[in-house]
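Given next are the chains, with one letter for each unit.
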Amino acid sequence: ETGVTQSPTHLIKTRGQQVTLRCSSQSGHNTVSWYQQALGQGPQFIFQYYREEENGRGNFPPRFSGLQFPNYSSELNVNALELDDSALYLCASSLAGGVTGELFFGEGSRLTVL
Amino acid sequence: EDQVTQSPEALRLQEGESSSLNCSYTVSGLRGLFWYRQDPGKGPEFLFTLYSAGEEKEKERLKATLTKKESFLHITAPKPEDSATYLCAVFGGTSGSRLTFGEGTQLTVNP
């Protein structure tokens, strides 16, 4: 069974730049969620995608956007990067719009904004 | 708004010294409570789902229990490889599709 894979694993950007993070969901899973985890904190929900549409959003500004593709993979885009965007970005996959709440996480993409 | 508070923030144990981690929660219509294990620089690894008060689940040295206000993760005779951050999360009736996480308990088990 193929697990959740994310790329890149680490990246460094400067303030004001844009970044795209990618995620391939676990085999058979049609729902992808993105979470932001700052150092020493628990993950914070950014948004979820189900059937290529946004299916819930947390308290993040519009410069955080996403896509889901027909093969259920997903992208997280962040524009106009700020220093506080430095964090571990986690992708999680699940079944059927996440109705059970059970999520399976990837290893994350560590973003550093200088 | 759903809220999760975990305690203690950090716990240091000797190998074989059993203890418990606490997760207190406030949620409207609990649909599930989850425990995850997270190693440094890695994504959370799913451990347990609990759905109703009184439910218990076990896996190796770990046992999770649930009441109407809190959950406990009991660790029996821990080993150094149990060292990790343990995260608790709730899935509530008004939270849509999101999990609300606590800030975690960082567990260190010394040999």
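As shown above, the structure is provided for reference.
Residue positions are counted from 1 within each chain, in the order its sequence is given. The order in which chains are written sets their letters, starting at A; the order in which ligands are written sets their numbers, starting at 1. Totals for whole chains, interfaces and linings use all residues, but because this is a predicted model, local features are given only for residues with pLDDT of at least 70 and pairs of side-chain atoms are given and counted only at 80 or more. With hydrogens and water stripped out, all remaining heavy atoms of the structure feed into the side-chain values.

K.L.:
Could you clarify how one ought to interpret the nonpolar core in this entry?
P.N.:
One broad rule of soluble globular proteins: the nonpolar side chains tend to lie buried together. For the purposes of this section, nonpolar cores are sets of buried Ala, Val, Leu, Ile, Met, Phe, Trp, Tyr and Cys residues that join through side-chain atoms within 4.5 Å. Exposure classes here rest on a 1.4 Å probe applied to the protein chains alone. A residue is buried below 20% of its type maximum, exposed above 50%, and partly exposed in between. If you look at the biggest cluster of nonpolar residues, it comprises 23 residues, and the most contacted ones within it are Leu33, Trp35, Leu73 and Tyr86 of chain B. Of all the secondary structure elements, the ones that give two or more residues to this core are strand 2 (10–14), strand 3 (19–26), strand 4 (30–38), strand 5 (45–50), strand 7 (62–66), strand 8 (70–75), strand 9 (84–92) and strand 11 (105–110) of chain B. Top contributing element to this core by residue count: strand 9 of chain B, with 4 residues. Residue contacts follow a heavy-atom distance rule, with two residues in contact if any of their heavy atoms lie within 4.5 Å. Those residues in contact with tyrosine 86 of chain B that sit more than four places away from it in its chain are Gln6, Leu21, Trp35, Tyr36, Arg37, Leu47, Leu62, Leu73, Gly104, Thr105 and Leu107 of chain B. The next biggest cluster of nonpolar side chains, apart from the first, holds 20 residues, and it includes Leu11, Leu21, Phe60 and Cys91 of chain A. Numbering of helices and strands runs from the N terminus; a helix is a DSSP stretch of H or I covering at least four residues, while a strand is a stretch of E covering at least two.

K.L.:
Teacher, can you tell me more about the packing of aromatic side chains here?
P.N.:
Two descriptors summarise a pair of aromatic rings, namely the distance from one centre to the other and the angle between the planes of the rings. Stacked, tilted and edge-to-face are the three classes assigned to paired rings of Phe, Tyr and Trp, where Trp is represented by its six-membered ring and a pair needs centres within 6.5 Å; plane angles under 30 degrees give stacked, over 60 edge-to-face, the rest tilted. One pass over the structure, following the stated rule, counts 10 aromatic pairs over all chains. Seen from their ring centres, phenylalanine 105 of chain A and phenylalanine 101 of chain B are 6.2 Å apart, and the 70° between their planes marks the pair as edge-to-face. Residue phenylalanine 105 of chain A is found in strand 10 (residues 104–105), and its partner phenylalanine 101 of chain B is found in strand 10 (residues 100–101); the two belong to separate chains. Consider the rings of tyrosine 36 of chain B and phenylalanine 101 of chain B, whose centres lie 5.8 Å apart with planes at 45°: the pair is tilted. Placement of tyrosine 36 of chain B in strand 4 and of phenylalanine 101 of chain B in strand 10 is noted, with a sequence separation of 65 residues between them. The same class applies to tyrosine 36 of chain B as to phenylalanine 101 of chain B, namely buried. Taken together, Tyr35, Phe45, Phe104 and Phe105 of chain A together with Tyr36, Phe46 and Phe101 of chain B form an aromatic cluster joined through their ring pairs. One cation-aromatic arrangement involves arginine 31 of chain B over phenylalanine 91 of chain B; the distance from NZ or CZ to the ring centre is 4.0 Å. Here, a charge over a ring is recorded when the distance from Lys NZ or Arg CZ to the ring centre is within 6 Å and its angle to the ring normal is within 35 degrees.

K.L.:
Sorry if this is basic, but what is going on with the side chain of arginine 37 of chain B here?
P.N.:
Residue and element names in this part refer to chain B. Mapping arginine 37 onto the fold places it in strand 4. Classification of arginine 37 by relative accessible area gives buried; the value is 16%. Polar contacts, as used here, are pairs of N or O atoms within 3.5 Å; protein pairs need one atom able to donate a hydrogen and one able to accept it. Residues neighboring in sequence count only if both atoms are side-chain atoms. One polar contact links arginine 37 to aspartate 39, side chain to side chain, over a distance of 3.0 Å. In terms of polar contacts, arginine 37 uses its side chain to reach the backbone carbonyl oxygen of glutamate 81, at 2.8 Å. With near-sequence residues (within four places) excluded, arginine 37 lies in contact with Gly43, Pro44, Glu45, Leu47, Glu81, Asp82, Ser83, Ala84, Thr85 and Tyr86.

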